[in-house]
Amino acid sequence: MSIAYQLQNVFQRISDAVTQYICKPYPVTLLAVSKTHKICKIEEAFNAGQRNFGENYLQEAVGKIIALNDYEICWHYIGPIQSNKTSKIAEHFDWVHSVERLKIARRLSEQRSQDSKPLNICLQVNISAEENKSGVAPDQLRELMTQVQSLERIKLRGLMCIPAKTDDFDQQRLAFREMSQLFHHLQKDFPNLDTLSMGMSGDLEAAIAEGSTMVRVGTDIFGTRNKPLES
Ligand SMILES: *Cc1c(COP(=O)(O)O)cnc(C)c1O
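The sections below set out a description of the structure shown in this document. Keep in mind it's a predicted model, so treat the numbers as computed, not measured.

### Some thoughts on the pattern of salt bridges
It is possible for side chains of opposite charge to pair when their charged atoms get near one another.
(1) Moving on: Scanning the entire structure with this criterion turns up 9 salt bridges.
(2) Moving on: Between Asp194 and Arg157 there is a salt bridge, with the nearest N and O atoms lying 3.0 Å from each other. Of the two residues, Asp194 sits in the loop between α7 (169–187) and β7 (195–197) while Arg157 sits in strand β6 (residues 154–161), which places them 37 residues apart along the sequence.
(3) Moving on: Exposure remark for Asp194: the relative accessible area of 38% places this residue in the partly exposed category.
(4) Moving on: Given the relative accessible area of 15%, Arg157 is considered buried.
(5) Moving on: Shared partners join several salt bridges into a network, and the residues in it are Arg13, Glu205 and Asp220.

What follows is the structure, given as structure tokens:
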């Protein structure tokens, strides 16, 4: 199956979910998660019209970003972040979805060049309260947002989550609904928030039903993942 065909399928699923659950026009951005996939696959998706790409593994990602420098791609970092990786992330990416600590946000802000636009940030929320999962606890979110909001080279855009995995549609919706409620509640105090990054290959319909504005899809566009090109 070609990537163009798979992309079209995913767009159809997005549009069907909007029709079924939102019942009015509602913009959902598709982030194509290209981690572990080769540069030629990204080019193939680009040639089919895709512009937003997500990556998890920094070294692999930077290689791709440099190789595809001539392409008008918006790059999103969605992987875990250690302090020693912030400068490369700040240098190469347009968005970061996986910020969960002030220290990381501060470093990203300090290391973002004055020549670049402010870095778009989503805070990752541990919505299913899983013990070994990344993300800030919902009750600590407001404080972190206040601190991140004041950073100079950062533009706080919204929230991201990866809920506990389940194939049950209603269960999927429950976690996404909590996120959505949190998001709308916080929007009252942070009116610039416009991004709710949730939903992947297996649960994008449930995420859209609860108001996701950005779905992050890997497998259903590029197929099963290879081993990371770098770990
Ligand atoms: C890998 C990954 C995705 C894509 O997952 P698929 O199930 O392949 O669609 C989305 N979000 C994050 C944070 C990821 O790490």
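### Things to note about the side chain of His97
(1) Moving on: Among the structural elements, His97 can be located in strand β4 (residues 95–99).
(2) Moving on: At 2.8 Å, the side chain of His97 forms a polar contact with the side chain of His76.
(3) Moving on: One polar contact links His97 to Ser197, side chain to side chain, over a distance of 2.9 Å.
(4) Moving on: Other than its neighbours up to four places away in sequence, His97 contacts Leu31, His76, Tyr77, Ile78, Cys122, Leu123, Gln124, Met160, Ser197, Met214 and Arg216.

### Some words on the packing of helix α6 (residues 141–149) against α7
(1) Moving on: With their axes 12 Å apart at the nearest point, α6 and α7 run at an angle of 50° to one another. Taken as axis vectors, α6 and α7 run oblique relative to one another. Considering the relative orientation of α6 and α7, their crossing is right-handed. Of α7, the residues touching α6 (which contributes Leu141, Arg142 and Met145) are Leu182, His185 and Leu186.

### Some thoughts on the site of the ligand
(1) Moving on: In the neighbourhood of the ligand, the contacting residues comprise Val33, Lys35, Asn56, Ile78, Ile162, Met200, Ser201, Arg216, Val217, Gly218, Thr219 and Arg225.
(2) Moving on: Between the ligand and Thr219, the relevant distance is 2.5 Å, taken from an oxygen atom to a side-chain nitrogen or oxygen of the residue.
(3) Moving on: Arg225 places a side-chain nitrogen or oxygen 2.8 Å from an oxygen atom of the ligand.
(4) Moving on: Out of a free accessible area of 390 Å², the ligand has 89% covered by protein chains.
(5) Moving on: Taken together, the residues that form the shell around the ligand break down as 5 nonpolar, 4 polar and 3 charged.

### Digging into the nonpolar core
(1) Moving on: In this structure, Leu108, Leu123 and Leu159 are the most contacted members of the largest nonpolar core, which totals 64 residues.
(2) Moving on: Among the elements that make up this core, the one with the highest residue count is helix α1 (residues 3–22) (7 residues).
(3) Moving on: Grouped together as the second largest cluster of nonpolar side chains are 7 residues, Leu31, Trp95, Met160 and Met214 included.

Quick notes on the rules
Residues numbered from 1 in each chain as written. Predicted model: local features only at pLDDT ≥ 70, side-chain atom pairs only at ≥ 80, totals over all residues. Heavy atoms only, no water. Salt bridge = Lys/Arg side-chain N within 4 Å of Asp/Glu carboxyl O. Helix = DSSP H or I, 4+ residues; strand = E, 2+ residues; numbered from the N terminus. Buried < 20%, exposed > 50% of the residue type's maximum accessible area, 1.4 Å probe, protein only. Polar contact = N/O pair within 3.5 Å; in protein donor to acceptor, adjacent residues only side chain to side chain. Contact = heavy atoms within 4.5 Å. Axes fitted to C-alpha atoms, helices over the stretch in contact; angles between N-to-C directions. Parallel < 35°, antiparallel > 145°, perpendicular 65-115°, else oblique. Left-handed = near helix turned anticlockwise from the far one by under 90°. Near = heavy atom within 4 Å. Areas by Shrake-Rupley, 256 points an atom, 1.4 Å probe, with all protein chains shown as cover. Nonpolar A, V, L, I, M, F, W, Y, C, P; charged D, E, K, R; others polar. Core = buried A, V, L, I, M, F, W, Y, C linked by side-chain atoms within 4.5 Å.

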